[in-house]
Structures are given as structure tokens and as C-alpha cells.
Amino acid sequence: MIEQHLEESKQQISDLADKILLNDEDLEIDNRMFAALRQKTENIILSDYLIEKANERLENLKVFISDESEVEKYKNDLISFIQELLREKL
């Protein structure tokens, strides 16, 4: 059950990232001076929404799971996932 919840969380975070973060195509469209820097900065600010989604999913899991070690493992997995996702997007 925890693995399924984790996979659902990762999918929701990925979907949200695809919707809100600016990608390479967006950067190519806007060729004004400093546009890429501005957009990268916006992505960093928008990444807070991904963290909020992860925290929401973590709280959702805590309703079902009382094992603190499982919750901590889940949290660490989500942190690693978000770091990797942001590395790809930024």
C-alpha cells in the first residue's frame, strides 16, 4: 500500500511540475535579454508548489500509517524524487 501511495505521489508531483514549470521550449520562445534567467528564477519559486504537494501527500499517508520509520522512509523517497525532478527541469 505504501509503495502504491508513493508512486501516486510521484505521479501527481510530476504532473504538477509539467503544468507549472517552464521547460526548454518555453525558454526558446522568449529570447529577450535575461528572459532565461527570469524564467529559471520563476521555476525555483514555483517549485515550492511541488513541496506543498509532497507535504500534502505525506500528511495523507500519516492518516493510514502510524509507523514512524515507514513515514520517514517515504518522506526521504519523496525528497529524493523532487530533487531529481527539479534537476531535470531547471
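See above for the structure.
Okay, so let's go over this structure. Treat the numbers as computed from the prediction; the structure is a model and nothing was measured. Along each chain, the written sequence defines residue order, and numbers are assigned to residues from 1. Local features in this predicted model are restricted to residues of pLDDT 70 or higher, and side-chain atom pairs are both shown and tallied only at a pLDDT of 80 or more, whereas totals for entire chains, interfaces and linings draw on every residue. With hydrogens and water stripped out, all remaining heavy atoms of the structure feed into the side-chain values.

### Notes on the layout of surface pockets
- Points on a 1 Å grid over protein atoms alone make up a cavity when a 1.4 Å probe fits among them but cannot get out, and a pocket when they form an open set with protein on both sides within 12 Å along at least five of seven lines; lining residues each have an atom within 4 Å of a point. Grid points are joined across faces, edges and corners, and a volume is the space filled by probe spheres set on the points. Approximately 160 Å³ is the volume found for the largest pocket.
- Secondary structure elements follow DSSP: runs of H or I of four or more residues count as helices, runs of E of two or more count as strands, with numbering from the N terminus. Listed by contribution, the elements that provide at least two residues to the lining of the largest pocket are helix H3 (35-64) and helix H4 (68-89).
- The biggest single contributor to the lining of the largest pocket is H4, with 6 residues.
- Side-chain classes are defined by residue name, with Ala, Val, Leu, Ile, Met, Phe, Trp, Tyr, Cys and Pro counting as nonpolar, Asp, Glu, Lys and Arg as charged, and the others, Gly among them, as polar. Residues of the lining of the largest pocket, tallied by class, amount to 7 nonpolar, 2 polar and 1 charged.

### A look at the environment of Lys10
- Tracing the backbone through its elements, the reader meets Lys10 in helix H1 (residues 2-20).
- Placed 43 residues apart in sequence, Lys10 and Lys53 show a C-alpha to C-alpha distance of 9.8 Å.
- Residue contacts are defined here by distance: any two heavy atoms, one from each residue, within 4.5 Å place the two residues in contact. Those residues in contact with Lys10 that sit more than four places away from it in its chain are Leu78 and Phe81.

### Re H4
- What a helix is expected to span follows from its residue count: subtract one and scale by 1.5 Å. With 22 residues, H4 extends 31 Å between its outermost C-alpha atoms, agreeing within 8% with the 32 Å of an ideal straight helix rising 1.5 Å per residue.
- Buried residues of H4: Val71, Tyr74, Leu78, Ile82, Leu85 and Leu86, and no others. Looking down the long axis of H4, one finds its buried residues gathered within 100° of arc, a one-sided arrangement. Turned more than 90 degrees away from the buried face of H4 sit Ser69, Arg87 and Glu88, all of them exposed. Here the term buried applies to any residue with accessible area under 20% of the maximum for its type, exposed to any over 50%, and partly exposed to those in between, with areas from a 1.4 Å probe on protein chains only. Relevant arc is that of directions from the helix axis to the C-beta atoms, nothing else.

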